[in-house]
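Chain by chain, the residues:
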Amino acid sequence: MPSFVQVLDFIGTFAFAISGIRLASAKRFDWFGAYVVGLVTAIGGGTLRDVLLDVPPAWMQDPFYVICTAFAMLFVILFSKHLIHLNNTFFIFDTIGLALFTVVGVERSIAAGYPFWVAIIMGSMTGAAGGVIRDVFINEIPLIFRKEIYAMACVVGGIAYWICALVGVESYISQIVSGSTVFLTRVLAVKYHITLPILKGDPEHENEA
Amino acid sequence: MPSFVQVLDFIGTFAFAISGIRLASAKRFDWFGAYVVGLVTAIGGGTLRDVLLDVPPAWMQDPFYVICTAFAMLFVILFSKHLIHLNNTFFIFDTIGLALFTVVGVERSIAAGYPFWVAIIMGSMTGAAGGVIRDVFINEIPLIFRKEIYAMACVVGGIAYWICALVGVESYISQIVSGSTVFLTRVLAVKYHITLPILKGDPEHENEA
Amino acid sequence: MPSFVQVLDFIGTFAFAISGIRLASAKRFDWFGAYVVGLVTAIGGGTLRDVLLDVPPAWMQDPFYVICTAFAMLFVILFSKHLIHLNNTFFIFDTIGLALFTVVGVERSIAAGYPFWVAIIMGSMTGAAGGVIRDVFINEIPLIFRKEIYAMACVVGGIAYWICALVGVESYISQIVSGSTVFLTRVLAVKYHITLPILKGDPEHENEA
């Protein structure tokens with residue numbers, strides 16, 4: 001029987017893959033291309049983290065992610081017309097994935113011997129880098145750089161983990177606090193339309209660049 | 001005297017580099033930019049594979065790839081007006097490269113101790129990821145996600161290798177069968193206009209994304 | 001007290017981060033996105049180099065780069081209206097960074113046991129790859145492939161280092177000669193409008209691609 005964390009991992013991977021597959025389908029990718037974009041969205045962040053930590057990428061140890069993306073692909077093919085009615089569900093699933101991936105990223109970095117400031121960056125990368133690669137592949141400016149509190153929720157959750165560690169609570173409590181912080185930060189930001197300010201640069205710059 | 005595999009490797013690397021250099025020239029890159037895009041097209045897939053397998057990238061062990069790309073550059077500069085008449089030749093060369101790179105990718109992954117499902121992905125990545133990076137650099141949606149059987153031919157060839165290994169044939173027979181499968185799959189797909197279906201997603205998604 | 005090299009490193013990192021942040025602001029990124037693009041511009045080249053050399057990325061060993069990018073961010077926020085008058089200063093700072101990063105890239109590759117032809121590529125990558133990733137993130141064709149002597153200056157500086165090593169001078173003289181060569185090559189190229197030729201390819205290629 002799968003553990004609770006495995007269930008969360010499935011939900012998160014599934015939601016990340018769905019987001020990649022749907023955006024690929026909006027760009028008229030073929031089935032292969034859509035699958036690859038879905039897979040990269042799901043595993044891209046963790047893979048980048050593992051390469052930087054110099055540990056074997058998680059998806060190469062376990063066919064789970066490849067299979068889970070195949071389920072997501074099947075789901076989009078079968079239910080394409082109804083997906084739009086599931087947007088709120090996908091939002092919740094995606095945010096569960098973001099929270100879980102952040103916690104996993106922080107923990108793997110600490111386990112590899114890095115200090116917390118690195119672990120927080122790695123946690124955020126685990127959560128958000130897959131979406132950046134997805135957007136590069138579909139030739140769009142990465143969404144997370146322009147809209148919504150997304151990666152920023154990972155940073156806040158990573159800091160929450162750090163505070164828990166400083167206070168000295170048990171590891172599983174740190175996980176719950178950190179993951180819940182990511183989840184709530186994103187949900188509240190979307191609900192109350194909280195966004196980061198746009199950086200106002202020199203308007204002439206674009207012409208001279 | 002170069003071995004048969006070295007001759008194939010030269011042909012494949014040359015054709016991959018040519019494809020990068022030609023697309024870069026269509027975008028009016030300068031000589032340096034065109035060379036870099038050519039090199040990345042040729043070595044990108046293998047480099048990504050070696051980073052994921054945590055082995056030293058092949059192009060850093062042997063100046064062969066850097067020199068071969070220089071020949072491709074010279075070739076495009078000298079014969080730019082006549083390249084279009086060589087399109088069929090380039091197609092064959094490119095497909096030889098695709099076949100060889102797939103076989104090399106599968107074998108290096110097996111040698112690194114990974115199971116076949118990882119090796120097939122790595123073989124496909126070796127063959128196709130260079131073209132993806134090329135298309136990102138020239139700011140286009142990667143061609144292989146939208147058109148033609150390309151990376152899919154690598155997947156089929158990787159599965160052929162797996163079947164050979166399951167049957168228990170000699171290693172060189174697996175190589176020939178796998179490489180020929182990649183080659184024939186692509187050639188037949190192009191000849192008979194066989195493509196993968198486009199993924200039909202929810203049309204409203206693009207607006208809401 | 002910081003050493004001379006540390007001062008140069010700060011200047012270079014600061015200038016690279018500024019260039020990323022300014023281009024991100026021209027695309028209306030939010031603060032988080034601008035910071036990430038600034039950081040990636042500053043550390044991207046060195047990180048790619050370290051991943052290929054299989055050594056721990058420099059920015060994960062020392063919070064210097066993360067903090068330096070934060071200063072660059074603050075600088076852009078506070079002085080956005082006046083930045084355009086500092087363009088010549090930024091150009092000099094950026095070129096100092098390019099020179100230093102090239103030298104560091106060459107040396108780390110030699111220290112990792114690679115021959116000079118690899119070290120020259122790695123030096124150029126350290127100097128120029130951050131800007132390539134920056135341009136991919138803002139969804140533009142990388143500037144260095146189309147305009148100006150930029151990465152080419154790194155190649156020239158890397159060759160200068162090689163010649164120094166062949167002649168057998170002391171290490172610190174190689175560093176000064178190599179760095180100065182990068183600096184002067186770029187400054188002179190910009191001053192006298194020296195550019196590499198555009199690669200003239202087959203004009204029909206774009207249509208048939």
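Residues numbered from 1 in each chain as written. Chains lettered and ligands numbered in written order. Predicted model: local features only at pLDDT ≥ 70, side-chain atom pairs only at ≥ 80, totals over all residues. Heavy atoms only, no water.

Asker: Account for the packing of aromatic side chains, with residues named and values stated.
Answerer: Residues and elements named next belong to chain A. This structure, assessed with the given rule, holds 36 aromatic pairs over all chains. Ring geometry for Phe 10 versus Phe 71: centroids 6.5 Å apart, planes at 70°, classification edge-to-face. Highlighted residues: Phe 10 in helix H1 (residues 4-26) and Phe 71 in helix H3 (residues 64-79), separated in sequence by 61 residues. Given a relative accessible area of 32%, Phe 10 falls into the partly exposed group. Note on Phe 116 and Trp 162: the rings are 5.9 Å apart at their centroids and 10° apart in plane angle, and the pair reads as stacked. (Phe/Tyr/Trp six-rings, centres within 6.5 Å; stacked < 30°, edge-to-face > 60°. Helix = DSSP H or I, 4+ residues; strand = E, 2+ residues; numbered from the N terminus. Buried < 20%, exposed > 50% of the residue type's maximum accessible area, 1.4 Å probe, protein only.)

Asker: Break down the relation of the copies chain A and chain B for me, with residues and values.
Answerer: The pair of chain copies shares a relation made of a rotation about an axis and a shift along it. Under the fitted operation, chain A is carried onto chain B by 0.0 Å of movement along the axis and a turn of 120°, and the coordinates agree to an RMSD of 0.0 Å. The transformation just described matches what one would write down for a three-fold rotation axis. When you check the interface residues of chain A against chain B, a mere 13% turn up at the interface there too, and the two sides of the contact use different surfaces. (Least-squares fit on C-alpha atoms with pLDDT ≥ 70 in both. Contact = heavy atoms within 4.5 Å.)

Asker: Just give me the short version of the interface of chain A and chain B, but keep the residues and values in it.
Answerer: With 38 residues of chain A in contact, the opposing surface of chain B contributes 36 residues. Buried area between chain A and chain B, summed over both chains or domains, comes out near 3,100 Å², and the portion from carbon and sulfur atoms is 68%. Of all residues in chain A, A:Asp30, A:Phe32 and A:Met60 bury the most surface against chain B, accounting for 22% of the area lost on that side. The interface formed by chain A and chain B contains zero salt bridges. Inspection of the chain A/chain B interface yields five residue pairs in polar contact (both at pLDDT 80 or more). If one sorts the elements of the side of chain A that touches chain B by residue count, helix H2 (residues 31-53) of chain A sits on top with eight residues. Residues of the side of chain A that touches chain B, tallied by class, amount to 24 nonpolar, seven polar and seven charged. (Buried area = accessible area lost by both parts, 1.4 Å probe. Salt bridge = Lys/Arg side-chain N within 4 Å of Asp/Glu carboxyl O. Polar contact = N/O pair within 3.5 Å; in protein donor to acceptor, adjacent residues only side chain to side chain. Nonpolar A, V, L, I, M, F, W, Y, C, P; charged D, E, K, R; others polar.)

Asker: Account for the interface of chain B and chain C, with residues named and values stated.
Answerer: Facing the 38 residues of chain B at the interface are 36 residues of chain C. For the chain B and chain C pair, buried surface summed over both sides reaches about 3,100 Å², with 68% attributable to carbon and sulfur atoms. Of all residues in chain B, B:Asp30, B:Phe32 and B:Met60 bury the most surface against chain C, accounting for 21% of the area lost on that side. On the surface where chain B and chain C come into contact, there are five residue pairs in polar contact (both at pLDDT 80 or more). At the level of elements, helix H1 (4-26), helix H2 (31-53), helix H3 (64-79) and helix H5 (116-137) of chain B are the ones that each hand at least two residues to the side of chain B that touches chain C. At eight residues, the largest contribution of residues to the side of chain B that touches chain C is made by H2(B).

Asker: Would you mind going over the nonpolar core in detail, with residue names and values included?
Answerer: Side chains that are nonpolar tend, in soluble globular proteins, to be buried together. With 171 residues, the main nonpolar core has A:Trp59, B:Trp59 and C:Trp59 as its most contacted residues. Ranked by residue count, the leading element in this core is H2(A), at 12 residues. (Core = buried A, V, L, I, M, F, W, Y, C linked by side-chain atoms within 4.5 Å.)

Asker: Can you lay out the environment of B:Leu199 for me, pointing to particular residues and giving the numbers?
Answerer: The topology assignment puts B:Leu199 in the loop between helix H7 (171-191) and helix H8 (205-208). Sequence spacing of B:Leu199 and B:His85 is 114 residues, and the spatial spacing of their C-alpha atoms is 34 Å. The residues contacting B:Leu199, other than those within four sequence positions of it, are A:Ile21, A:Ser25, A:Phe29, A:Asp30, A:Trp31, A:Ala34, A:Met73, A:Val76 and A:Ile77.

Asker: Go over the relation of the copies chain B and chain C with me, naming the residues and quoting the values.
Answerer: When chain B is fitted onto chain C, the two copies agree to an RMSD of 0.0 Å after a turn of 120° and an axial shift of 0.0 Å. The share of interface residues of chain B whose copies in chain C are also at the interface is only 13%, consistent with the copies meeting through different surfaces.

Asker: Tell me about the UniProt feature "transmembrane region" (unreviewed entry) in chain A, residues and numbers included.
Answerer: Residues and elements named next belong to chain A. Here, the residues flagged by UniProt with the feature "transmembrane region" (unreviewed entry) are residues 6-25, 32-52, 64-84, 91-110, 116-137 and 149-169. For the annotated span residues 116-137, helix accounts for 100% and strand for 0% of the residues, and the straight-line distance between the end C-alpha atoms is 31 Å. Summarising residues 149-169: 81% helix, 0% strand, and an end-to-end C-alpha distance of 28 Å. (UniProt positions renumbered as here; feature names shortened; annotations may be inferred.)

Asker: Report on the pattern of salt bridges, specifying residues and quantitative values.
Answerer: In the structure shown here, the tally under the stated rule is 15 salt bridges over all chains. Note that B:Asp94 and B:Arg186 form a salt bridge whose closest N and O atoms lie 3.2 Å from each other. Pair noted here: B:Asp94 is in helix H4 (residues 87-111) and B:Arg186 is in helix H7, with a separation of 92 residues, a long-range link. Comparing B:Asp94 with B:Arg186 shows no difference in burial state: the two are buried. A salt bridge links C:Asp135 to C:Arg134; the shortest N-O distance between them is 2.8 Å.

Asker: Provide a residue-level description of the packing of helix H1 (residues 4-26) of chain C against helix H4 (residues 87-111) of chain C, including the pertinent values.
Answerer: Residue and element names in this part refer to chain C. At a closest axis distance of 8 Å, the pairing of H1 and H4 adopts a crossing angle of 120°. The angle between H1 and H4 falls in the class oblique. Considering the relative orientation of H1 and H4, their crossing is left-handed. For the pair H1 and H4, contact is made by Val 5, Leu 8, Asp 9, Ile 11, Gly 12, Thr 13, Ala 15, Phe 16, Ile 18 and Arg 22 and by Asn 87, Phe 90, Phe 93, Asp 94, Ile 96, Gly 97, Leu 98, Leu 100 and Phe 101, respectively. (Axes fitted to C-alpha atoms, helices over the stretch in contact; angles between N-to-C directions. Parallel < 35°, antiparallel > 145°, perpendicular 65-115°, else oblique. Left-handed = near helix turned anticlockwise from the far one by under 90°.)

Asker: Give a description of unusual backbone geometry that names residues and reports values.
Answerer: In this model, A:Arg28 sits at a positive phi of 60°, which is unusual for a non-glycine residue. A positive phi angle is found at B:Asn139, which is not glycine, with a value near 60°. With respect to the helices, strands and loops of the structure, B:Asn139 is situated in the loop between H5 and helix H6 (151-167).

Asker: Let's hear about empty space enclosed by the protein: which residues, and what values?
Answerer: In total, this model carries one cavity of 30 Å³ or more according to the counting rule given. By volume, the largest cavity is sized at about 70 Å³. Surrounding the largest cavity, A:Asp135, A:Val136, A:Asn139, A:Glu140, B:Asp135, B:Val136, B:Asn139, B:Glu140, C:Asp135, C:Val136, C:Asn139 and C:Glu140 form its lining. Residue composition of the lining of the largest cavity, by class: three nonpolar, three polar and six charged. (1 Å grid on protein atoms, 1.4 Å probe; cavity = no way out; pocket = protein on both sides within 12 Å on 5 of 7 lines; lining within 4 Å. Points joined across faces, edges and corners; volume = space filled by probe spheres on them.)

Asker: Can you break down H3(A) residue by residue, with the values?
Answerer: End to end, H3(A) covers 22 Å across 16 residues, agreeing with the expected 22 Å (1.5 Å per residue, within 8%). Along its buried surface, H3(A) packs onto H1 and H2 of chain A together with H5 of chain B. (Expected span 1.5 Å × (residues − 1).)

Asker: Lay out a nonpolar patch on the surface in plain terms, naming residues and giving numbers.
Answerer: Residues and elements named next belong to chain A. Together, Ile 159, Trp 162, Ile 163, Leu 166, Val 167, Val 169, Tyr 172, Ile 173, Ile 176 and Val 177 make up an exposed nonpolar region whose accessible area comes to about 910 Å². If you list the elements that add at least two residues to the nonpolar patch, you get helix H6 (151-167) and helix H7 (171-191). Top contributing element to the nonpolar patch by residue count: H6, with five residues. Here Ile 163 shows up in helix H6. (Patch = residues over 30% accessible without salt bridge, like charges linked within 9 Å, V, L, I, M, F, W, Y side chains within 5 Å. Areas by Shrake-Rupley, 256 points an atom, 1.4 Å probe, with all protein chains shown as cover.)

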